[in-house]
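Commentary on secondary and tertiary structure
Residue strings, one per chain:
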Amino acid sequence: MVKTIPPSAVTVNEFDTPVRVNCSARGVPMPNITWYKDGVALPMRTIIIGDEVIGELNLERVRPPEQGDYKCVGTTALRNEPFSYTTKIRE
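Presented here is an overview of the structure given in this document. (Residues numbered from 1 in each chain as written. Predicted model: local features only at pLDDT ≥ 70, side-chain atom pairs only at ≥ 80, totals over all residues. Heavy atoms only, no water.)

1. What about the sheet that holds strand 5 (residues 40-41)?
Heads up, the rule is: The criterion for strand pairing is that DSSP finds at least two bridges linking the strands in question. Here a helix means four or more residues in a row that DSSP labels H or I, a strand means two or more in a row labelled E, and each is numbered from the N terminus.
Read across the sheet, 5 strands follow the order 2-9-8-4-5 without closing on themselves; strand pairing throughout is mixed. At either end of the open sheet lies a strand with only one pairing partner, and these are strand 2 (9-11) and strand 5. Strand direction decides the pairing type here: strand 8 (residues 68-75) and strand 9 (residues 83-90), joined by 7 bridges, are antiparallel. Each bridged residue has a counterpart across the sheet, and for G68 the counterpart in strand 9 is I89.

Put into structure tokens, the structure is as follows:
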């Protein structure tokens, strides 16, 4: 079950500022969450609280090349189709 759906858009007021976006789910077996940009998996922090898995994407200093679509994808061993949500990051 998806618990936290990331926002569909994040607007950065000025470049070189940090952005943090979370996506979380719970279930048995425990889901795996991965953040992607342009089809490439990104480094992220995984936090487990009880049966909830949180995928936390931290962008330290957002610059123009980092603008774009970021996708949170969650999978489990029992679910045939992964769930995914897209967040647009822009100035």
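Still to come is the rest of the account.
2. Comments concerning the pairing of strand 8
Residues in a regular strand point their side chains to alternate faces of the sheet. Looking at chain direction, strand 4 (residues 32-37) and strand 8 are connected through 6 bridges and run antiparallel. Counted as the bridge partner of K37 is Y70 from strand 8.

3. Looking at the sheet that holds strand 7 (residues 52-59)
Rule in force here: Angles shown run from 0 to 180 degrees and are taken between the N-to-C directions of axes, each axis being a line fitted to C-alpha atoms and, for helices, limited to the stretch in contact.
Taken in spatial order, the 4 strands make up an open sheet running 1-3-7-6, and their pairing is antiparallel. What marks the edges here is a single partner per strand, and that holds for strand 1 (2-4) and strand 6 (45-49). Averaged over all adjacent pairs, the angle separating strand axes in this sheet is 25°, with direction ignored. Judged from the 2 bridges that link them, strand 1 and strand 3 (residues 19-26) form a sheet pairing that is antiparallel. Among the inter-strand pairings, V2 is bridged to a residue of strand 3, identified as A25.

4. Some remarks on the side chain of E52
Here is the rule: Between N or O atoms, a polar contact is any pair within 3.5 Å; within protein, one atom must be a potential hydrogen donor and the other a potential acceptor, and residues adjacent in sequence are included only when both atoms are from side chains. Between two residues, a contact is recorded if the distance between any of their heavy atoms is within 4.5 Å.
Within the secondary structure, E52 is located in strand 7. A distance of 2.9 Å separates the side chain of E52 from the side chain of S24, its partner in a polar contact. With residues near it in sequence (within four places) discarded, E52 still touches K3, T4, S24, A25, R26 and I47.

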